[in-house]
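# Per-entry structural report
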Amino acid sequence: MERAIATTGYRANQHARSLVTGRSNSLAFLLTEPQDRLFADPTFPLLLRGAAEALAARSMTLVVLVAGTPTERTSAAEYIAAGHVDGVLLISSHEADPMLSVLLEQRVPTVTCGVPLGHAGRVPSVSVAEADGAHAMVAHLRERGRRRIAMITGPLDTPGGRYRLEGYREELGENYDPALVAYGDWTQESGTSAMEELLERAPDVDAVFAASDLMAAGAMIALGRAGRRVPDDVAIGGFDDSGLAQALDPPLTTMRQPFDLISAEMVSTLVGIIDDGPARSVTLPATLVERETT
């Protein structure tokens with residue numbers, strides 16, 4: 001032990017410090033989705049990496065918790081209530097989210113990724129400008145001469161699902177047609193199913209705005225099976241720019257979320273709250289990245 005100390009240099013004993021301060025010097029990255037989504041959805045690893053880097057710079061520890069089932073929620077709630085973390089970075093919250101209600105009841109410092117539906121104003125959040133991003137993508141498709149623009153939206157109990165649909169609808173105005181909206185669940189498979197549904201319902205569709213890159217990838221599979229060329233027959237725009245977009249063939253035009261900034265702002269906001277600073281919400285812009293699908 002003495003040799004290790006001499007080799008590495010003195011380090012503060014965080015356990016001893018926690019006994020004095022009453023803090024764990026740790027934050028939870030809490031995902032309220034099925035376990036497989038943590039890595040199946042390319043956006044979550046980006047947020048996780050950004051949070052880990054932001055905490056490492058503060059000499060703090062990140063604890064990853066998944067609470068996609070009632071049993072997992074109970075375990076996560078007990079772990080948090082025991083004081084193992086000082087606060088929670090809540091990822092992918094849903095409207096009427098039981099986990100968020102528990103955190104509020106326990107008065108656990110919490111910051112959500114995205115505006116927490118049903119709790120806006122009560123819980124600080126860091127989000128991207130969802131509706132504005134959807135406006136920009138639909139406007140881009142219209143500028144490319146597309147007139148029958150469909151949308152594959154995410155679950156409407158999530159901020160991304162609700163507000164991206166809202167922006168799409170507002171941008172189209174009187175040209176909005178509910179028959180051109182299909183519903184997915186953020187997965188690639190749901191994007192494929194939604195696109196198949198749209199082609200059956202509206203075979204003259206000439207563009208699709210998918211509310212995530214993963215669903216856009218699924219839509220491209222369905223279009224290929226139907227013999228529709230991208231972008232010649234149908235243009236596609238996504239949302240996220242998670243790395244998947246550039247890897248698709250053809251590379252996907254999408255709205256870029258600044259994932260590194262989102263994670264950094266979430267950590268900064270949460271640490272500030274823990275230190276008795278003001279609770280604040282932050283909205284960051286999404287930017288259009290034009291590639292070969294539009």
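Since the model is a prediction, treat every value here as computed from it, not as a measurement.

### Here's the deal with the packing of aromatic side chains
- Applying the stated criterion across every chain yields a total of 2 aromatic pairs.
- Their ring planes at 80° and their centres at 6.1 Å tell us that Y168 and Y176 sit as a pair that is edge-to-face.
- Residue class for Y168 comes out buried when judged on its relative accessible area of 0%.
- Owing to a relative accessible area of 18%, Y176 belongs among the buried residues under this scheme.
- For the ring pair F209 and F239, a centre distance of 6.5 Å and an interplane angle of 45° mean the geometry is tilted. Placement of F209 in strand β8 (residues 207-210) and of F239 in strand β9 (residues 235-240) is noted, with a sequence separation of 30 residues between them.
- For F239, a relative accessible area of 0% translates into the label buried.

### Overview of the sheet that holds β9
- Taken in spatial order, the 6 strands of this open sheet run β7-β6-β8-β9-β10-β12, and their pairing is mixed. Two strands close off the open sheet at either side, each with one partner strand: β7 (181-183) and β12 (287-289). Across this sheet, the average inter-strand angle for adjacent strands is 20°, counted without regard to direction.
- The sheet contact formed by β8 and β9 spans 3 bridges and is parallel. Each bridged residue has a counterpart across the sheet, and for F209 the counterpart in β9 is G237.
- Strand contacts of helix α10 (residues 213-225): β6 (149-153), β8, β9 and β10 (253-256), with the helix running at about 155° to β9, the strand carrying the most contacts.

Reading the values: the criteria
- Residues numbered from 1 in each chain as written.
- Predicted model: local features only at pLDDT ≥ 70, side-chain atom pairs only at ≥ 80, totals over all residues.
- Heavy atoms only, no water.
- Phe/Tyr/Trp six-rings, centres within 6.5 Å; stacked < 30°, edge-to-face > 60°.
- Buried < 20%, exposed > 50% of the residue type's maximum accessible area, 1.4 Å probe, protein only.
- Helix = DSSP H or I, 4+ residues; strand = E, 2+ residues; numbered from the N terminus.
- Pairing = 2+ DSSP bridges.
- Axes fitted to C-alpha atoms, helices over the stretch in contact; angles between N-to-C directions.
- Contact = heavy atoms within 4.5 Å.

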